[in-house]
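What the coordinates show
Each chain is listed here by its residues.
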Amino acid sequence: MAVLSKVYVKRRTRFFDWMQDGVAVFASWPVYPRNGDVEHPYRPDSDLHFLTGFDEPESAAVLVKKGQERRFLLFVRPRDPEMETWVGSRAGEEGAVRDFGADEAHPIGEFESRLGDLLTNQPCLYLSFGLHPDLDRKVLAIVERLKGEARRGICGPFRMIDPREFLRQARLVKDREEIGAVEKACDITRAGFEAAFRAVMPGMPERELQAVVEFEFRRRGADRVSFETICAGGAHATTLHYIRNDGLLRDGDLVLLDAGAEVAMASGDITRTFPVNGRFSRVQRRVYEWVLQAQAAAIEAIRPGATYAQVHQAALEVLVEGLRDLKVLRGKTSELIETGAYRPYFMHRIGHWLGMDVHDVGPYFVDGASIPLQAGMVMTVEPGLYFADRQDVPRPLRGIGIRIEDDVLVTPRGRRVLTEGLPKTVDEIEKVLARPGAWWGEVRPLARES
Ligand code: GLY
Ligand code: MN
Ligand code: MN
């Protein structure tokens, strides 16, 4: 079994242990047309990958449990020499059994007809309702048909459960394999930023810097970006998810670069904000130092048992101090926090879970209370201050947007910053930027194993 890794068996076992007798269905995302006969790049479904490692489009997994009996079925694109000539090889049914450990595999074209048999007389159906409305309709039609055959002694499942109740928890506290993949994604992401630091020059198009960071991701093995790169020069940085990247990086401006490599279905997610010409101005430095201090306070607050809300609060208190120091807000810090007066300048939360999805699954609240952190969780820590060009903002601050983001693993004794080592303090950044554009003269093919 070349591809089969024990991790998928282990994860399926956990899922089987959690589920009641019945049938669980997981389907791939559809392939979306882009234009003409071109398709959007296919990205496997995270839950399907988590449980099977099977990443081909037009596929589905079915898990069947009856007491101790457990069956894993894969529905896949059948081998097709002509299609494979055009778009590459497929595992086919044989490969699905041999390489992915399926007990049975069938052509995806038989999925609906076989599902009727699989669901017959089953007490419980597991389906991520709402995710694939077409699939919901088809599956519910099958369930209704089965219930209509009661006189023939046939029954369909009466209980329906969303398997994400389990999966969001299972994916929130990562196993060793997923942590390894996230570490790799973080390493590649960090390398992309190292290239960007050395490549940036005044006058450069935002897209060119985007290309540099993504070039470095790709050549280091990234499968794709984990989200659209944000490369925001000057006031563009005050738009939180600015992805147009069609402006210029100007002398005297900062650039906010927020990017992530995805590899082995795991995401990195880093933001650095740095001066295009290599030197922070006084006012840029003042804002930057506050954001940096807020990030340090939040990272310091991360440990098992601390809550997500406490991590957010640690950063918020520093940011509000900063807003007072910068004469954006007046009054007592506690009141400014209570009234939300800071929100025009810090309008998002401190971070998000990170894993297979860049905004990974997992609850943030349990029974209405902020979730306590546990070893094995990974979160981003990304405070920011954003000053749009508005009357309420002191003139020298207008058009400054600063975010600093790192990825942090909760460990049994505290935390480990997975993106550690990337320049972040003012001095570190000015040092790495000391020779603007140096990268262009230095970039070489990576050393390859011969
Ligand atoms: N890049 C999106 C985020 O940081 O959440
Ligand atoms: Mn980000
Ligand atoms: Mn993020």
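Here's what I pulled together on the structure shown here. These numbers come from a predicted model, not from an experiment.

Our focus in this paragraph is the overall build of the protein chain. The helix and strand tally for the protein chain stands at 14 helices and 21 strands. Taking 450 residues into account, the globule formula puts the C-alpha radius of gyration at 22 Å, and the protein chain, at 25 Å, falls close to it. Taken over the C-alpha atoms alone, the protein chain extends approximately 80 × 55 × 45 Å along its principal axes. Counting only residues that meet the buried cut, the protein chain has 53% of its 450 residues in that class. Across the protein chain, the fraction of contacts at a sequence separation of at least 24, relative to all contacts at a separation of at least 6, is 72%. Total accessible area on the protein chain stands at roughly 21,100 Å², and carbon and sulfur atoms take up 51% of it. The average position of the 62 basic charges and that of the 67 acidic charges among the side chains of the protein chain differ by 3 Å.

As summarised here, the arrangement of the six strands in space is E6-E5-E4-E1-E7-E8, forming an open sheet in which the pairing is mixed. Edge strands, defined here as strands with exactly one partner in the open sheet, are strand E6 (104–107) and strand E8 (159–161). Taken pair by pair, the neighbouring strands of this sheet meet at an average axis angle of 20 degrees, ignoring direction. Relative to E8, strand E7 (residues 124–127) runs parallel, the two sharing three bridges.

Attention now moves to the layout of surface pockets. Reported here for the largest pocket is a volume of approximately 430 Å³. If you go around the largest pocket, you meet 19 residues; those closest to its centre are Ala27, Ser28, Pro30, Leu135 and Lys138. Among the elements that line the lining of the largest pocket, the one with the most residues is helix H6 (residues 133–147), at four residues. Class assignment for the residues of the lining of the largest pocket results in eleven nonpolar, four polar and four charged.

In this section: the coordination of the manganese ion (ligand 2). Protein-derived ligands of the manganese ion (ligand 2) are Asp258 (OD), Asp258 (OD), Asp269 (OD) and Glu405 (OE), with the metal-ligand distances lying across 2.0 to 2.7 Å. Considered as a linear motif, the donors of the manganese ion (ligand 2) on their single chain read D-x10-D-x135-E. Here the manganese ion (ligand 3) and the manganese ion (ligand 2) are spaced 3.2 Å from one another, each receiving a donor from Asp269. Pair noted here: Asp258 is in strand E11 (residues 254–259) and Asp269 is in the loop between strand E13 (266–267) and strand E14 (270–275), with a separation of eleven residues, a long-range link. Like Asp269, Asp258 is buried.

Attention now moves to helix H11 (residues 308–325). Its 18 residues place the ends of H11 26 Å apart at the C-alpha level, agreeing with the 26 Å of an ideal helix rising 1.5 Å per residue. Considered for burial, the residues of H11 that qualify are Tyr308, Val311, His312, Ala314, Ala315, Leu316, Val318, Leu319, Val320, Gly322 and Leu323. With its phi angle positive at about 65 degrees, Lys327 sits one or two positions after the end of H11.

In the vicinity of ligand 1, the contacting residues are Phe227, His241, Asp258, Asp269, His352, His359, Glu382 and Glu405. At 2.7 Å from an oxygen atom of ligand 1 is found a side-chain nitrogen or oxygen belonging to His359.

Glancing now at the sheet that holds strand E17 (residues 378–381). Strand order in the open sheet made by the three strands is E17-E20-E21, with antiparallel pairing throughout. On the outer flanks of this sheet lie E17 and strand E21 (414–417), each paired with one strand and no other. Shown here is a sheet whose adjacent strand axes are inclined to one another by a mean of 35 degrees, direction ignored. By the bridge criterion, four bridges tie strand E20 (residues 406–411) to E21 in an arrangement that is antiparallel. Pairing of Thr411 across the sheet is with Gly414, part of E21.

A few words now on the nonpolar core. In terms of nonpolar packing, the biggest core is built from 76 residues, with Leu209, Phe274, Val287, Leu385 and Phe387 touching the most fellow members. The next biggest cluster of nonpolar side chains, apart from the first, holds 26 residues, and it includes Phe54, Ala61, Phe100 and Met356.

On to the coordination of the manganese ion (ligand 3). Protein-derived coordination of the manganese ion (ligand 3) comes from Asp269 (OD), His352 (NE2), Glu382 (OE) and Glu405 (OE), at a distance range of 2.0 to 2.2 Å. Around the manganese ion (ligand 3) sit six donor atoms, and with donor-metal-donor angles ranging over 50 to 155 degrees the site reads as irregular. Linear spacing of the donor residues for the manganese ion (ligand 3) on their chain is D-x82-H-x29-E-x22-E.

A grouping of Met83, Trp86 and Val87 is seen on the molecular surface, where their side chains present a nonpolar patch of about 380 Å² in accessible area. Here Met83 shows up in helix H3 (residues 81–87).

Cut-offs applied
Residues numbered from 1 in each chain as written. Chains lettered and ligands numbered in written order. Predicted model: local features only at pLDDT ≥ 70, side-chain atom pairs only at ≥ 80, totals over all residues. Heavy atoms only, no water. Helix = DSSP H or I, 4+ residues; strand = E, 2+ residues; numbered from the N terminus. Rg over C-alpha atoms; globule rule 2.2 N^0.38 Å. Buried < 20%, exposed > 50% of the residue type's maximum accessible area, 1.4 Å probe, protein only. Contact = heavy atoms within 4.5 Å. Areas by Shrake-Rupley, 256 points an atom, 1.4 Å probe, with all protein chains shown as cover. Lys, Arg positive; Asp, Glu negative; His and termini not counted. Charge placed at Lys NZ, Arg CZ, Asp CG, Glu CD. Pairing = 2+ DSSP bridges. Axes fitted to C-alpha atoms, helices over the stretch in contact; angles between N-to-C directions. 1 Å grid on protein atoms, 1.4 Å probe; cavity = no way out; pocket = protein on both sides within 12 Å on 5 of 7 lines; lining within 4 Å. Points joined across faces, edges and corners; volume = space filled by probe spheres on them. Nonpolar A, V, L, I, M, F, W, Y, C, P; charged D, E, K, R; others polar. Donors = N, O, S within 2.8 Å, 3.2 Å for Na, K, Ca; no water. Expected span 1.5 Å × (residues − 1). Near = heavy atom within 4 Å. Polar contact = N/O pair within 3.5 Å; in protein donor to acceptor, adjacent residues only side chain to side chain. Core = buried A, V, L, I, M, F, W, Y, C linked by side-chain atoms within 4.5 Å. Tetrahedral: all angles 85-135°; square planar, octahedral: opposite > 155°, others 65-115°. Patch = residues over 30% accessible without salt bridge, like charges linked within 9 Å, V, L, I, M, F, W, Y side chains within 5 Å. Salt bridge = Lys/Arg side-chain N within 4 Å of Asp/Glu carboxyl O.

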